[in-house]
Amino acid sequence: MIWLTWRQFRAQTVAAAGLLALLAIAFAVTGPQLAHLYDTTVATCHAQHDCQNAINAFQSRDSFLQSLVRLLMLAAPALIGIFWGAPLIAHELEAGTQRLAWVQSVTRFRWLAVKLGLAGLASMAAAGLLSLMVTWWSGPFDRIGAGRMDPSIFSERGIVPVGYAAFAFALGVTAGLLIRRTVPAMAATLAVFAAVVSGFAGKVRFHLIPPLHLTSPLNMSWVTQTGIGGPAGPNSLLVNITPNVPGAWIGSSSVTTAAGSTSLGPPPSGCGENSTYRACTAAIGRLHLRQVLVYQPGSRFWALQWYETAIYLALALALAGFCVWWVRRRVS
Amino acid sequence: MIEFHLDAHSGVAPYLQLIHQVRQALRLDLLSEGDQLPTVKDVVGRLAINPNTVLKAYRELEYEGLVAARPGLGTFVTRTLGDGSPATIAPLRRELQRWLAKARRTGLDDESIEALMLTTFRSATEGEENIA
Amino acid sequence: MTAVLKAQGLGRRYRRRWALSDCTLDIPAGQVVGLVGPNGAGKTTLLHLAVGLLQPTAGTIEVLGDRPAASPAQLARVGFVAQDAPTYSGLTVADHLRLGAHLNPGWDAATASDRIERLGLDPRQRAGKLSGGQRAQLALTLALAKKPELLLLDEPVASLDPLARREFLQGLMEAVVDQGLSVVLSSHLVADLERVCDYLIVLVASRVQIAGEVEHLRATHHLLTGPRRDPARLPEDQHVISASHTDRQTTLTVRTEAPIHDPAWVVSPVGLEDLVLAYMSRTAADARRPELEVQR
């Protein structure tokens, strides 16, 4: 059964290995140079007071490879589910070859368990290897701004891609088993995978560990908008901030009065119709407003990664168990 | 070694056809004592018929005492149909061939010759039975 | 003799329709069994139930004394070639033999490679590029080389040309001699089955119409021709299978164990093909009343 699984998976495995090898070469060539460039320009930029220029220059290096990497990491797990998972059973049922496979001297349980196990492990290994290479190569880029805690980057680093790949694979196999046709199963896998992953990243991930709340005096350098109106009322002062906490994932931020109310009261006298921006800002500074941040610090990166990966692996295992049960009881 | 053939549409059971062909071969000296009959595997491999059919035919022939099965070796002819030794048959065959040539020279076609032979044979046989 | 296949009230339903109903069979070992009936009669359903590709909706089935596909050991004793001889089109002939060797503990590699060589198949040829006859022979090789006790074939020669058909049956009969196999093969071509089968099952409209040894069927079925008569007035022990009338004459196919004494009838034997056709042409109402299974 191991031989048969390998033989049926040979083409896909070789293609994936080839792709990974090509990527490894590209990374090996460009990676050290990027790290060196970072160390010499961005790391020392504070001393030269031209950080923004240094950062812009750095981020425009190897832009093709950067885009390719983003695309790959976004697509890889879904592609694994579509091209490795969906055809696993659907192809057999479409071609009718299960009438050959299931009358050999192996039980359906063993037939599916070996296929799921080997192909599933291969999926996870491929995703893991890819993520390892990409995390290493992207190291310098991730040290800028929110870096790897940024929700879209978080999904593309560390061990989470392994969980995604396992889930996408198991989802593909399940879709193929229930739908029994390869192409519709591929479409269904893509749709469900995209919905689950984006829903999870948007709604669930931030709350995997209870986030931190930080209340501190308003940091004027973070203020990006002042005005009148907004949710507190048409005559209320409105102050919006864009926090900059390096390496952290800001979930939400708000500006409150010293007493903690989000209704900031009427605008101060320095912020009338004819006042300048500087005068208004100074007047706001004298109001002793506070800022409340709800965030996940960068130090929690690995904890969040482990929790999320564990959840996706559990989902994958549940789907795999369902497939084994279904194939034995229901399929003909 | 003889080769069997099967007429699927003759209405005669296959095993009877095989028996008939063995007896005919014995009569025409195509098979003599000690000759081996084709193995069951050879027969079914050529004719694509059920092995039990061949086994049944060979069993029947063995019951009639014409053949004997030797385990591991095959099925062999044990006696001929004693209608006539080669010495008696050969001159009769020659005479028949001469008659056939004569019949053809008079212009009779094959169907007419066959009909003539069969009706003469049948009426002669009936005549003998009436006498007997 | 032990039975290779035993079914009791076996049935299988797809949504509303019963593909097979009330099937009771007792097939003895050491025979070549023909399963004949029109398309949609339930032949494939019965065979799939016998190899465990389907679960029964009603009744029970036992193959070689065990539930179908109950264990790897049971699977090893039964060989199966499905309709249209499914093979992996991307795998070569040699790959298929390796598949058989890896998935069957009882695999006889010598038999397999000998057969492939004798058939003239190129081991490096992909199965998708083989002709229909070659694929059927490959599938048969896979089923034979695992050395089963029972071989089930679903319409193995339906899509083959006459030469391929003959070669397939020749090879099959040789294997029966070599391995002492019991065989069940389905077909809607009675002519092929006539040559190779010594036991016949007629399946029409999801029910078994008649089952028994071919010789016994031949001996108990007769064609009666005579003056016009109502079939219902025949004696109890003469079962009318099919009847046709002109204004003066009645022709009946009957099944009876006893001899026919009525001098008004001209009694003739019924060929196997005509026998099967008589059962296939019964009206729907009659078809639901199956003849009792004929056993020996």
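This is a predicted model, so every value here is computed, not measured.

1. Things to note about the overall build of chain C
Alright, step 1. Scanning chain C for helices and strands turns up ten helices and 13 strands.
Alright, step 2. Its C-alpha atoms give chain C a radius of gyration of 21 Å, within 12% of the compact-globule value 19 Å for 296 residues.
Alright, step 3. Along the longest, intermediate and shortest principal axes, the C-alpha atoms of chain C span 65 × 40 × 35 Å.
Alright, step 4. Counting the 296 residues in chain C, one finds 48% classified as buried.

2. Section: helix H9 (residues 160-179) of chain A
Residue and element names in this part refer to chain A.
Alright, step 1. For H9, built from 20 residues, the straight-helix expectation of 28 Å at 1.5 Å per residue is met to within 8% by its first-to-last C-alpha distance of 28 Å.
Alright, step 2. Taken across its 20 residues, H9 has 18 buried, putting it largely inside the fold.
Alright, step 3. Arg180 lies just past H9 and shows a positive phi near 65°.

3. Observations regarding the pairing of strand E12 (residues 249-255) of chain C
All names here are of chain C.
Alright, step 1. One ladder, built from seven bridges, connects strand E10 (residues 221-227) with E12; its direction is antiparallel. In the strand pairing of E12, Pro227 is matched with Gln249.
Alright, step 2. Relative to E12, strand E11 (residues 239-245) runs antiparallel, the two sharing six bridges. Considered in E12, the bridge of His239 is made with Arg255.
Alright, step 3. Between E11 and E12, which pair antiparallel in sequence order, lie three residues.

4. Details of the interface of chain A and chain C
Alright, step 1. Between chain A and chain C, the residue contacts involve 16 residues of the former and 21 residues of the latter.
Alright, step 2. Elements with a minimum of two residues in the side of chain A that touches chain C: helix H1 (2-42) and helix H5 (98-101) of chain A.
Alright, step 3. The greatest single-element share of the side of chain A that touches chain C, amounting to three residues, is contributed by H1 of chain A.
Alright, step 4. Taken together, the residues that form the side of chain A that touches chain C break down as eight nonpolar, six polar and two charged.

5. Looking at the arrangement of the chains
Alright, step 1. Here two pairs of chains make contact, and the pair sharing the most contacts is chains A and C.
Alright, step 2. With no contact formed, the shortest span from any C-alpha in chain A to any C-alpha in chain B equals 26 Å.

6. Some words on the sheet that holds strand E5 (residues 78-81) of chain C
Residues and elements named next belong to chain C.
Alright, step 1. Read across the open sheet, the six strands follow the order E5-E6-E7-E3-E8-E9; overall the sheet is mixed. The outermost strands of the open sheet, each flanked by one partner alone, are E5 and strand E9 (207-213). Direction aside, neighbouring strands of the sheet carry axes that sit 15° apart on average.
Alright, step 2. Two strands pair when backbone bridges link them, and strand E8 (residues 199-204) and E9 are joined in this way by six bridges, in the antiparallel orientation. Its bridge partner lying in E9, Ile201 is registered against Ala211.

7. A look at helix H6 (residues 162-179) of chain C
The α-helix advances 3.6 residues per turn, and as a result positions three or four apart in sequence lie on the same side.
Alright, step 1. With 18 residues, H6 of chain C ought to run about 26 Å at 1.5 Å a step, and its terminal C-alpha atoms sit 26 Å apart, in line with that.
Alright, step 2. Of all the residues in H6 of chain C, the buried ones are Arg165, Phe168, Leu169, Gly171, Leu172, Met173, Glu174, Ala175 and Val176 of chain C.
Alright, step 3. Against the buried residues of H6 of chain C lie helix H2 (40-47) and helix H3 (51-63) of chain B together with strand E3 (32-36), helix H5 (132-145), strand E7 (182-187) and helix H7 (190-196) of chain C.
Alright, step 4. Within two residues after H6 of chain C, Gly180 of chain C carries a phi angle of roughly 60°, on the positive side.

8. Here's the deal with the packing of helix H6 (residues 108-137) of chain A against H9 of chain A
All names here are of chain A.
Alright, step 1. Packing of H6 against H9 leaves a shortest axis separation of 8 Å and a crossing angle of 145°. The chirality of how H6 crosses H9 is right-handed. Facing H6, whose interface residues are Leu116, Ala119, Gly120, Ser123, Met124, Ala126, Ala127, Gly128, Leu130 and Ser131, H9 presents Pro161, Val162, Tyr164, Ala165, Ala166, Phe169, Ala170 and Val173.
Alright, step 2. Residues belonging to the contact of H6 with H9 are distributed by class as follows: 14 nonpolar, four polar and no charged.

9. Description of the sheet that holds E11 of chain C
Residues and elements named next belong to chain C.
Alright, step 1. Read from one edge to the other, the open sheet built from four strands follows the order E11-E12-E10-E13, with strand pairing classed as antiparallel. Strands with a single pairing partner mark the edges of an open sheet, and in this sheet they are E11 and strand E13 (266-269). Strand-to-strand twist of the sheet, defined as the mean angle between neighbouring strand axes without regard to direction, takes the value 25°.

10. Examining the environment of His221 of chain C
Residues and elements named next belong to chain C.
Alright, step 1. For His221, the location among the structural elements is in strand E10.
Alright, step 2. Each C-alpha atom of the pair His221 and Ala85 lies 35 Å from the other, and the pair is 136 residues apart in sequence.
Alright, step 3. For His221, the residues in contact, after removing those within four places along its chain, are Thr253, Arg255, Val270 and Leu275.

11. Remarks on the confidence of the model for chain C
Alright, step 1. Looking at chain C as a whole, its pLDDT mean stands at 88, while 95% of the residues score no less than 70.
Alright, step 2. Across the predicted assembly, pTM comes out at 0.83 and ipTM at 0.88.

12. Examining the interface of chain B and chain C
Alright, step 1. Of the residues lining the interface, eleven residues belong to chain B; the matching set on chain C comes to 14 residues.
Alright, step 2. Those elements that provide at least two residues to the side of chain B that touches chain C are H2 and H3 of chain B.
Alright, step 3. Here the element with the most residues in the side of chain B that touches chain C is H2 of chain B; it accounts for five residues.
Alright, step 4. Among the residues forming the side of chain B that touches chain C, the class breakdown is six nonpolar, three polar and two charged.

13. With respect to the nonpolar core
Alright, step 1. The biggest cluster of nonpolar side chains holds 169 residues, and the ones touching the most others in it are Ala165 and Phe169 of chain A together with Leu152 of chain C.
Alright, step 2. By residue number, the principal contributor to this core is H9 of chain A, which donates 13 residues.
Alright, step 3. Look past the residues within four positions of Leu152 of chain C in its chain and what remains in contact with it is Leu47, Ala50, Val51, Val78, Phe80 and Val184 of chain C.
Alright, step 4. Residues Leu237, Val239, Ile241 and Val255 of chain A belong to the second largest nonpolar core, which totals six residues.

Parameters at a glance
- Residues numbered from 1 in each chain as written.
- Chains lettered and ligands numbered in written order.
- Predicted model: local features only at pLDDT ≥ 70, side-chain atom pairs only at ≥ 80, totals over all residues.
- Helix = DSSP H or I, 4+ residues; strand = E, 2+ residues; numbered from the N terminus.
- Rg over C-alpha atoms; globule rule 2.2 N^0.38 Å.
- Buried ≥ 20, exposed ≤ 12 C-beta atoms within 10 Å, placed from the backbone.
- Expected span 1.5 Å × (residues − 1).
- Pairing = 2+ DSSP bridges.
- Contact = placed C-beta atoms within 7 Å.
- Nonpolar A, V, L, I, M, F, W, Y, C, P; charged D, E, K, R; others polar.
- Axes fitted to C-alpha atoms, helices over the stretch in contact; angles between N-to-C directions.
- Left-handed = near helix turned anticlockwise from the far one by under 90°.
- pLDDT = per-residue confidence, 0-100.
- Core = buried A, V, L, I, M, F, W, Y, C linked by C-beta atoms within 7 Å.

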